[in-house]
Structure formats: C-alpha cells, structure tokens
Amino acid sequence: MTVLTNSKDTRRYDGHQTFASEFRLALACARWPLREQDRVEIRRLVSEPLNWEWFKRIVERNQIVSLVYHNLRNALPAAGHSETLGSLRNTALGHIGHSMSQAAELVRISESVRSAGFETVALKGVSLSVLAYGNLAMRNPGDIDLLVSATHVFDVERVLVGLGYERFEPRAELTPKRLKHYLRYYKHFTYFSEAKAA
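Residues numbered from 1 in each chain as written. Predicted model: local features only at pLDDT ≥ 70, side-chain atom pairs only at ≥ 80, totals over all residues. Heavy atoms only, no water.

1. Brief notes about the overall build of the chain
Cut-off, in case you're wondering: Here a helix means four or more residues in a row that DSSP labels H or I, a strand means two or more in a row labelled E, and each is numbered from the N terminus. Any residue under 20% of the maximum accessible area for its type is buried, any over 50% is exposed, and the rest in between are partly exposed; the area is computed with a 1.4 Å probe on protein chains only. Throughout, a residue-residue contact means that at least one pair of heavy atoms, one from each residue, lies within 4.5 Å. Method for areas: the Shrake-Rupley scheme with a 1.4 Å probe, in which residue coverage is limited to the protein chains shown.
Along its length, the chain carries nine helices and six strands. Residues counted as buried form 36% of the 198 residues belonging to the chain. Considering only intrachain contacts with a sequence separation of at least 6, the fraction spanning at least 24 residues in the chain is 64%. Total accessible area computed for the chain in this model is approximately 12500 Å², and 53% of it derives from carbon and sulfur atoms.

2. Quick look at unusual backbone geometry
Going from W32 to P33, the amide bond is cis rather than trans, its omega being -10 degrees. With respect to the helices, strands and loops of the structure, P33 is situated in the loop between α1 (21-29) and α2 (36-47). Backbone torsion omega between E169 and P170 reads 0 degrees, so that peptide bond is classified as cis. Within the secondary structure, P170 is located in the loop between β5 (166-169) and α8 (176-185).

3. Points about the packing of helix α4 (residues 65-75) against helix α5 (residues 82-115)
Counted only if it meets this: All axes are obtained by fitting lines to C-alpha atoms, using only the stretch in contact for helices, and the reported angles, taken between N-to-C directions, cover 0 to 180 degrees. Roughly parallel covers angles under 35 degrees, roughly antiparallel covers those over 145, roughly perpendicular covers 65 to 115, and oblique covers all other angles. Crossings are assigned a handedness: left-handed for a near helix turned anticlockwise from the far helix by less than a right angle, right-handed for a clockwise turn. Throughout, the ten residues Ala, Val, Leu, Ile, Met, Phe, Trp, Tyr, Cys and Pro are labelled nonpolar, Asp, Glu, Lys and Arg are labelled charged, and all others, Gly among them, are labelled polar.
The N-to-C vectors of α4 and α5 enclose an angle of 135 degrees; their axes lie 9 Å apart at closest approach. Between α4 and α5, the angle falls in the class oblique. In this structure, α4 meets α5 at a crossing whose hand is left-handed. Along the contact surface, α4 presents V65, S66, V68, Y69, L72 and R73, while α5 presents L85, L88, R89, T91, A92 and H95. Classifying every residue of the contact of α4 with α5 by side-chain character gives seven nonpolar, three polar and two charged.

4. As for the pattern of salt bridges
The test is simple: Between Lys or Arg on one side and Asp or Glu on the other, a salt bridge is scored when a side-chain nitrogen of the former is within 4 Å of a carboxyl oxygen of the latter.
Applying the stated criterion to the full structure yields 12 salt bridges. Ionic pairing is found between E48 and R44, a salt bridge with its closest N-O pair at 3.1 Å. Take E48: its relative accessible area is 23%, and that puts it in the partly exposed class. We note a salt bridge from E60 to K56, for which the minimum N-O separation is 3.8 Å. Note that E60 and K56 are positioned in helix α3 (residues 52-61) at a spacing of four residues, about one turn of the helix. We classify E60 as partly exposed; its relative accessible area is 36%.

5. What about a nonpolar patch on the surface?
Cut-off, in case you're wondering: Note on patches: the residues involved have over 30% relative accessible area and no salt bridge, like charges join within 9 Å, and the nonpolar side chains Val, Leu, Ile, Met, Phe, Trp and Tyr join within 5 Å.
The grouping of V121, L123 and L147 at the surface amounts to a nonpolar patch, some 250 Å² of accessible area in total. Structurally, L123 can be placed in strand β3 (residues 120-123).

6. A few points about the packing of α3 against α5
The N-to-C vectors of α3 and α5 enclose an angle of 30 degrees; their axes lie 11 Å apart at closest approach. Accordingly, the angle class assigned to the pair α3 and α5 is roughly parallel. Between α3 and α5 lies a crossing of right-handed hand. Contacts between α3 and α5 involve W52, F55, K56 and E60 from the former and T84, S87, L88 and T91 from the latter. Split into classes, the residues belonging to the contact of α3 with α5 amount to three nonpolar, three polar and two charged.

7. Re empty space enclosed by the protein
To keep things clear, this is the line we draw: Cavities and pockets were defined on a 1 Å grid built from protein atoms only: a cavity is a group of points that admits a 1.4 Å probe but offers it no way out, a pocket is an open group of points flanked by protein on both sides within 12 Å along at least five of seven lines, and a lining residue is one with an atom within 4 Å of any such point. Grid points are joined across faces, edges and corners, and a volume is the space filled by probe spheres set on the points.
Using the criterion set out here, one finds one cavity of 30 Å³ or more in the structure. Of the volumes computed, that of the largest cavity is approximately 50 Å³. Forming the walls of the largest cavity are Q102, L106, A122, L123, K124, G125, V126, S127, D143, I144 and D145. For the lining of the largest cavity, the elements supplying multiple residues, two or more each, are α5, β3 and α6 (125-133). In terms of residues, the lining of the largest cavity owes the most to one element, α6, which gives three residues. In terms of residue class, the lining of the largest cavity is built from five nonpolar, three polar and three charged.

This is how it looks when you write it as structure tokens:
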C-alpha cells in the first residue's frame, strides 16, 4: 500500500506521530472480511472531521475503491451518508464494469488457448478477486496476467495474435538464442489489443 502524506496534518499524541483520520479510515475499510468491531471503528472514524477528497485520493491511489465502497456501504446506515458514498459509487461502478469485461476477455483467451491444446494460469486480477473475496468486482482491475509454460510461449502468442493482440514487449525479433536469454533474465511478455483498448 502506498502512503500519502498530508503536510498540513502534524498532530502528535504522547510524542508519537499518528496516522491522519483519513488514512486510518482507509485502513479500516480495507479489511476483509469486515467484522462488527471493524464496522464500529468505521462509524467512529466517519464521525470525526474528515477531508473526504483526501480520503478518496488515498483510496484511489491504493486501488481499493471497490473494496472501500463495499465496506462503507456495509458499515454505515444508508440515511445520512448518501453524499459520502455517492462520491465513491461512480468510481466503483466503473471498476465493476471493467472487471466484468476483463473476466469475459480472460474466459475468451483461456478457452482459445485450451482449444489450441495449451494451458494458461490466470494470475492476480479478477481471478484473485474471486478467490480472495468471492466477488470479481472487489479489486480495482488492471491488466490480465497469464502464466504460460516457457516451451509454449510462441504457441500461446499465435493464439493471442489470432484474437487481435500484438506483442508490445519485448519488441525485438526473438531468435531461439534471444528467447533463451530473455526467458532466463526477464520472463515477461506484454501484449496489447487496439480493439480492447477502445
């Protein structure tokens, strides 16, 4: 998690600096699963004077908007907090839509690779969200990460090209010697689809 500092917040208690309320609220809202004591802490922190814009920046910067929105909705009574929740709702809904698109694309890629006789393992992203939270929309989506056997890199690449992807990294033509070197030191291939970016 990235820590943002608030240069205006210089409160000290017992000679030790504490986290600002906005950051403590972000931490409380990042817990999973939420327990009753967590709900009580969230309600207590929300009752303190807060800079909601700074809180939203912390949550967005740490890519936990969907989780925080879910936990705030769970912990706060609906009446009286609609403005607070509304500022995160639209962002969370955008992430949910993107997560659903990524899940559909992951299925399309996985089925195509499997039909070609190869295997991939999905890492992080929507797969981790389902495993960790039981809900594909709880993590902010990034890209799709796949683990592929080094012996089938080019086979899987052919499938990806057939689906409209183009290799972005490494850019160089990979001869067998270059591939061996690349796989020994780097192991990361990046593909991009113009159609999926639109």
